[in-house]
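# Architecture at a glance
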Amino acid sequence: MLILTAALLAASPLSAQPIDPAVQARIDRILKATPLIDGHNDLPEQLRENYQSSVDGLASGGASRPNPLMTDMARLRTGRVGGQFWSVWIEGTVKGDEAIRQTLEQIDIVSRLIRAYPKDLEQAYTADDIVRIHKAGRIASLIGIEGGRQIGGSLPALRQFYRLGARYMTLTHNQTTEWADSGTDEPKFDGLSPFGVQIVTEMNRLGMLVDISHVSSPTMKDAIAASRAPVIFSHSDVAALNPHPRSVPDDVLRLLPANGGVIMVTFVPSFLSAESWAWGREQSAEAARLKSLYSFDKARQEAELKTWETKHPAPKVTVATVADHIDHAAKIAGHDHVGIGGDLDGIDRTVTGLDGVEDYPALFAELIRRGWSDADLAKLAGGNLLRALRQAESVAASMKNEPPAMATLEPAK
């Protein structure tokens, strides 16, 4: 959810990392049989922020735009992507009816994106849809709502978002909501409030995956306890390797086998690396200092910050670091509970070698180098997410005679 920097202009639309032909053939064989499903891509928000919500010109060349993108159709093909959750995100401070309106506008971007590229994309609503679309040679496109405030405290709004194609909702973003604690804000409930538990139950009834990226550790545990269906982390890393508050601690990873859930490891440098996290804090502090010093001169702020960044370059984070997080998640939760959620087009810095959607094979090549089997790579690619979604659909079928929840959340005064 960040505007991308000009530094990404150097990326070519098809700048996938070189891979040994025999390894690439193995990757292709795996990803032909099992779709590579990424849990989180923020292209819709980038189109809204930088391109007046236009979906034109995305056949190729996204990286060469004035505001470069990490995603276009040609690079999705190069990256062997078979399924994509397009994130529908708005600022977490937006509340009530305005949040609902902005979310609908974001869903409209996704719908227009899919219609604009019918040879590449097709909307998916079920696990079977994903499999069918992948076999037809297109990329199954799903919607993920990123932030609980987007329903405006309204369960009817949640239901309508599901009907429009939303197949997960992240319970919070960076802000604690009126019913759930975020991992990066002051807690109010030590997890979920009773209304938050009702939302989880209603998502189960609909067949919408409960996404617990961004939430606090107590909220993670409450959501897992409340959910009859598998939960997902659509884009998170592991706290054991970097204790960022956005990451998932081992005691939560150990709950995933019984729940059936999946952690989809993300490519955010500050979540992956303690050094990168520390650098980000220093950069933010410098940006705040410059803003105070040159409050009416944005150009001066930007120039001075660029000079600071030249003198204090960001630490490099590599594909191997991402693989370390995947390895750790698989060790603690098991190979049946890991996936991929890059967060591409939602970050201002990338992992070296994972600069856009064309580069997923580089990650598979690294895991092959580490001895991962074809079966486990297929689970990581999309098999685990497909299983979790099928379980959520089965739970919804078992709840079909339960009435819709009618509780409401009173707007904050």
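Please refer to the structure higher up on the page.
Here we summarise the structure given alongside this text.

The subject of this paragraph is empty space enclosed by the protein. Evaluation of the coordinates by the stated rule reveals two cavities of 30 Å³ or more. Taken as a whole, the largest cavity encloses approximately 60 Å³ of empty space. Every residue along the wall of the largest cavity is listed here: I90, E91, G92, E146, G147, G148, R149, Q150, H173, Q175 and T177. Residues belonging to the lining of the largest cavity are distributed by class as follows: one nonpolar, seven polar and three charged.

Let's shift gears to the pairing of strand β1 (residues 36-41). With six of its six residues buried, β1 lies for the most part within the structure. Note: β1 against strand β2 (residues 81-89), four bridges, orientation parallel. By the bridge assignment, N41 is partnered in β2 with W86.

Here R205 shows up in helix α7 (residues 194-206). Through-space distance from the C-alpha of R205 to that of W86 is 22 Å; in sequence the pair is 119 residues apart. Contacts of R205, omitting those with residues within four sequence positions, involve R159, A396, M399, E402, P403 and P404.

Packing of helix α15 (residues 360-369) against helix α16 (residues 374-398) leaves a shortest axis separation of 11 Å and a crossing angle of 150 degrees. Comparing their axes, α16 and α15 come out roughly antiparallel. For the element pair α15 and α16, the recorded crossing hand is right-handed. Counted together, F364, L367 and I368 of α15 and L377, L380 and A381 of α16 form the full contact between these two elements. Split by residue class, the contact of α15 with α16 holds six nonpolar, no polar and no charged.

You can see H244 is positioned in the loop between β7 (231-236) and α9 (250-253). A distance of 3.0 Å separates a polar atom in the side chain of H244 from the backbone nitrogen of R246. In this structure H244 touches S270, F271 and W277, once residues within four positions along its chain are discounted.

On to the packing of aromatic side chains. Per the counting criterion, the structure on display carries three aromatic pairs. Ring centres of F85 and Y168 lie 5.1 Å apart, and the angle between their planes is 40 degrees; on these two criteria the pair is classed as tilted. Of this pair, F85 sits in strand β2 while Y168 sits in strand β5 (residues 166-170); the two residues are 83 residues apart in sequence, bridging distant segments of the chain. Relative to Y360, the ring of F267 lies with its centre 6.0 Å away and its plane at 50 degrees, an arrangement referred to as tilted. Of this pair, F267 sits in the loop between β8 (262-265) and α11 (269-272) while Y360 sits in helix α15, and the two are 93 residues apart along the sequence. By the burial criterion, F267 is buried, and Y360 matches it.

Looking now at the nonpolar core. Of all hydrophobic cores here, the largest spans 92 residues; its most connected members are M169, L171, I212 and L363. At seven residues, helix α14 (residues 319-333) tops the list of elements feeding residues into this core. One finds A127, L386, L389 and V395 within the second-largest nonpolar core, a separate group that totals 21 residues.

Within the secondary structure, S213 sits in the loop between β6 (209-211) and α8 (217-226). Residue classification places S213 among the buried residues on the basis of a relative accessible area of 0%. In this structure the side chain of S213 is engaged in a polar contact, spanning 3.2 Å, whose partner is the backbone nitrogen of S234. If near-sequence neighbours (up to four positions away) are discounted, S213 is found in contact with T170, T172, I232, F233, S234, H235, S236 and R246.

Taking 1.5 Å of rise per residue, 20 residues should cover 28 Å, and helix α12 (residues 274-293) covers 29 Å from first to last C-alpha, within 8% of that figure. Taken as a whole, α12 has its buried residues at S276, W279, G280, Q283, E286 and L290. Buried residues of α12, viewed axially, fall in a sector of 130 degrees; they line one side. Along its buried surface, α12 packs onto α11 and α13 (298-311).

For P361, the position within the fold is in helix α15. Note: C-alpha distance between P361 and S236 (125 residues apart in sequence) is 20 Å.

What follows concerns α7. Compared with an ideal rise of 1.5 Å per residue, which puts 13 residues at 18 Å, α7 spans 19 Å between its outermost C-alpha atoms and is within 8% of the ideal. Residues F195, G196, I199, V200, E202, M203, N204, R205 and L206 constitute the buried set of α7. Packed against the buried residues of α7 are α6 (155-163), β5, β6, α8 and α16. Looking one or two places after α7, you find G207, whose phi comes out positive at around 95 degrees.

Rules used in this analysis
Starting afresh in each chain, residues are numbered from 1 along the sequence in its written order. Residues qualify for local features only when their pLDDT is at least 70, as the model is predicted, and side-chain atom pairs are given and counted only at 80 or more; totals for whole chains, interfaces and linings, by contrast, use all residues. Hydrogens and water are ignored here; the side-chain numbers use all heavy atoms of the structure. Method remark: on a 1 Å grid restricted to protein atoms, a set of points is classed as a cavity if a 1.4 Å probe fits but cannot get out and as a pocket if it is open with protein on both sides within 12 Å along at least five of seven lines; lining residues have an atom within 4 Å of a point. Grid points are joined across faces, edges and corners, and a volume is the space filled by probe spheres set on the points. We call Asp, Glu, Lys and Arg charged. Ala, Val, Leu, Ile, Met, Phe, Trp, Tyr, Cys and Pro are nonpolar, and the rest, Gly among them, are polar. Exposure is judged per residue with a 1.4 Å probe applied to protein chains only, and the accessible area is read against the type maximum: over 50% gives exposed, under 20% gives buried, and values in between give partly exposed. Counting from the N terminus, the helices are DSSP H or I runs at least four residues long and the strands are E runs at least two residues long. We call two strands paired when DSSP finds no fewer than two bridges between them. Contacts are assigned to residue pairs with any non-hydrogen atoms lying within 4.5 Å of each other. Angular values range over 0 to 180 degrees, each being the angle between N-to-C directions of two axes fitted as lines to C-alpha atoms, with helices fitted over their stretch in contact. Roughly parallel refers to an angle under 35 degrees, roughly antiparallel to one over 145, roughly perpendicular to one between 65 and 115, and oblique to any angle outside these ranges. By definition, turning the near helix anticlockwise from the far helix through less than a right angle yields a left-handed crossing, and turning it clockwise yields a right-handed one. We define a polar contact as two N or O atoms separated by no more than 3.5 Å, with the added condition that, inside protein, one atom must be a possible hydrogen donor and the other a possible acceptor, whereas residues neighbouring each other in sequence contribute only through side-chain atom pairs. Under the pairing criterion, centres of Phe, Tyr and Trp rings, with the six-membered ring standing for Trp, must be within 6.5 Å; the plane angle then separates stacked pairs below 30 degrees from edge-to-face pairs above 60, leaving the rest tilted. Among the buried residues, those of types Ala, Val, Leu, Ile, Met, Phe, Trp, Tyr and Cys that are joined through side-chain atoms within 4.5 Å form a nonpolar core. One less than the number of residues in a helix, times 1.5 Å, gives the span that helix is expected to have. Here the arc refers to the directions that run from the helix axis out to each C-beta atom.

Don't take any of this as a statement about function, it's just geometry.
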